[in-house]
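The lines below spell out each chain.
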Amino acid sequence: MSRMEDGNIPKLYEAFSDSFDIGAAVNPRTIIQAGDLIAKHFNSLTAENEMKFVSVHPAEDTYTFEAADKIAAFARENNKKLRGHTLVWHNQTSDWLFQEADGSPVSREKLLDRLKSHIDTVVKRYKEDIYAWDVVNEVISDEGSGLLRPSKWLDIAGPEFIAKAFEFAHEADPKAQLFYNDYNESNPLKRDKIYQLVKNLLEQGVPVHGVGLQAHWSLYSPGLDEIRAAIEKYASLGLRLQLTELDISMFRHDDLRSDVVSPTDEMLELQERRYEAVFHLLSEYRNHIDAVTFWGAADDYTWLSDFPVRGRKNWPLLFNESHEPKGSFWRVIKQTSLS
Ligand code: HXH
């Protein structure tokens, strides 16, 4: 794509300015390698990994904010909104948090004290930058009738760690919008459990303001009817909704082939149709949805090129490996007045 041609490409976020913000997950490499693309097309950013517990708080007395600060500075310099991701999670969380110096488990009280201190430090640091936090990520179990996923959080603190996290975050920044965030959010069984959790929190007066639908989808699932039903169910709680980590994988979740080295024409065409249908649906629910954030910017770097098959490329985003708009980009733009 030459610089001249770039002038004819509408800015993605401007095309959706009547509907919702358009975000991208970024990291210190992508803000350099794809900085122009990110600055042009997205008006909201999320740090892919750099604000997670293990990244900012590797030891009890050590906070490491360099990478997160770079992302916050990039957002500030380019007038982008910033979402915080994530305060409480069972992954990418430092082991020290759950242990005494001798390796024995900490008491409930100590774990909750540490949680408060972590949330206070991180949320206050980015108070001027971050308008919304994913406070609790992925605590619902995928299968079976049990509500909460087994975790050290649950073992040590009991289910109240969830409400506590929202309360601590609200105390640290009363203006921040606080989200519960999860994947498989459109699966009916998990959807109903997420709904139940958030409803219980609201009934207890816990400060939860939104549900984040991660939206790690594929060409094949979930169905549009399931996405619609999930949006309606979460919206019925009176909360704001965001798609927080959207990507559309070329592979079914149980497709573990490792010999596909470039997207086939069929994959690209199915993806175009899927993105068009998804954004058509999202536009219909724009009164409930405040932001749609992609989990990446362009296909040259996506976490899906390592998950679930290490080293297998995937092409889940709207811009190709050369940062050019894909057919899917134009189908998404087609939903808007800028087409
Ligand atoms: C997200 N998890 C995280 O929120 C984000 O922080 C990270 O950068 C990328 C993705 C999504 C996810 C959840 C579970 C998972 C893989 C990805 O693993 C399983 C998925 C299905 C069934 C079992 C495990």
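All figures in this text were calculated on a predicted structure; none of them were measured in a lab.

Rules and cut-offs
- Residues numbered from 1 in each chain as written.
- Predicted model: local features only at pLDDT ≥ 70, side-chain atom pairs only at ≥ 80, totals over all residues.
- Heavy atoms only, no water.
- Near = heavy atom within 4 Å.
- Polar contact = N/O pair within 3.5 Å; in protein donor to acceptor, adjacent residues only side chain to side chain.
- Areas by Shrake-Rupley, 256 points an atom, 1.4 Å probe, with all protein chains shown as cover.
- Salt bridge = Lys/Arg side-chain N within 4 Å of Asp/Glu carboxyl O.
- Buried < 20%, exposed > 50% of the residue type's maximum accessible area, 1.4 Å probe, protein only.
- Helix = DSSP H or I, 4+ residues; strand = E, 2+ residues; numbered from the N terminus.
- Contact = heavy atoms within 4.5 Å.
- Pairing = 2+ DSSP bridges.
- Phe/Tyr/Trp six-rings, centres within 6.5 Å; stacked < 30°, edge-to-face > 60°.
- Lys NZ or Arg CZ within 6 Å of the ring centre and 35° of its normal.

Asker: I'm lost on the site of the ligand in this one. Help?
Answerer: Among the 13 residues in the neighbourhood of the ligand, the closest are listed as Lys 52, His 85, Glu 138, Glu 245 and Trp 295. Asn 137 is positioned such that a nitrogen or oxygen atom in its side chain is 3.1 Å from an oxygen atom of the ligand. In the environment of the ligand, a nitrogen atom lies 2.7 Å from a nitrogen or oxygen atom belonging to the side chain of Glu 138. Burial of the ligand by the protein chains amounts to 70% of its free accessible area of 530 Å².

Asker: I keep staring at the pattern of salt bridges and nothing clicks. Help me out?
Answerer: Counted by the stated rule, this structure contains 24 salt bridges. When the shortest N-O distance is used, the salt bridge between Asp 142 and Arg 149 registers 3.7 Å. When its relative accessible area of 23% is taken as the criterion, Asp 142 is described as partly exposed. Residue classification places Arg 149 among the buried positions, given a relative accessible area of 15%.

Asker: I would appreciate a short explanation of the side chain of Lys 40 in the present structure.
Answerer: Mapped onto the secondary structure, Lys 40 falls in helix α4 (residues 35–41). The exposure class assigned to Lys 40 is buried, which follows from its relative accessible area of 15%. With sequence-adjacent residues up to four places away left out, Lys 40 is seen in contact with Asp 6, Ile 9, Pro 10, Lys 11 and Tyr 13.

Asker: Please explain the pairing of strand β9 (residues 289–294) as it appears in this structure.
Answerer: Among the six residues of β9, five are classified as buried, and the element is accordingly described as predominantly covered. With four bridges joining them, strand β1 (residues 21–26) and β9 adopt parallel strand pairing. From the neighbouring strand, Ala 24 faces β9, where its bridge partner is Phe 294. Of the strand pairs in this sheet, strand β8 (residues 240–249) and β9 are connected by four bridges, and their pairing is parallel. Note that in β9 the partner of Leu 246 across the bridge is Phe 294.

Asker: How do you make sense of the pairing of β1 when you look at a structure like this?
Answerer: Each regular strand shows side chains that alternate between the opposite faces of the sheet. Of all six residues that make up β1, six are buried, and the element is covered over most of its length. The sheet contact formed by β1 and strand β2 (residues 44–47) spans four bridges and is parallel. In the strand pairing of β2, Ala 25 is matched with Thr 46.

Asker: Could you clarify how one ought to interpret the packing of aromatic side chains in this entry?
Answerer: Aromatic rings considered in pairs are described by the distance between their centres and by the relative angle of their planes. Under the counting rule described, the total for this entry stands at 16 aromatic pairs. Considering the side-chain rings of Phe 16 and Phe 20, the 5.4 Å spacing of their centres and the 15° angle between planes classify their relative orientation as stacked. In terms of burial, Phe 16 and Phe 20 fall into one category: buried. Here Phe 98 and Trp 153 contribute two aromatic rings whose centre-to-centre distance is 5.3 Å and whose plane-to-plane angle is 80°, an arrangement assigned as edge-to-face. With Phe 98 in the loop between β3 (81–88) and α7 (108–125) and Trp 153 in helix α8 (residues 152–157), this residue pair connects regions lying 55 residues apart in the sequence. The two residues Phe 98 and Trp 153 agree in class, both being buried. Linked through ring pairs, Phe 16, Phe 20, Phe 42, Tyr 275, Phe 279, Phe 294, Phe 319, Phe 329 and Trp 330 together constitute an aromatic cluster. Positioned above the aromatic ring of Tyr 183, the side-chain terminus of Lys 190 is 3.6 Å from the ring centre. One Lys or Arg, Lys 233, reaches over the ring of Tyr 195 and ends 4.5 Å from the middle of that ring.

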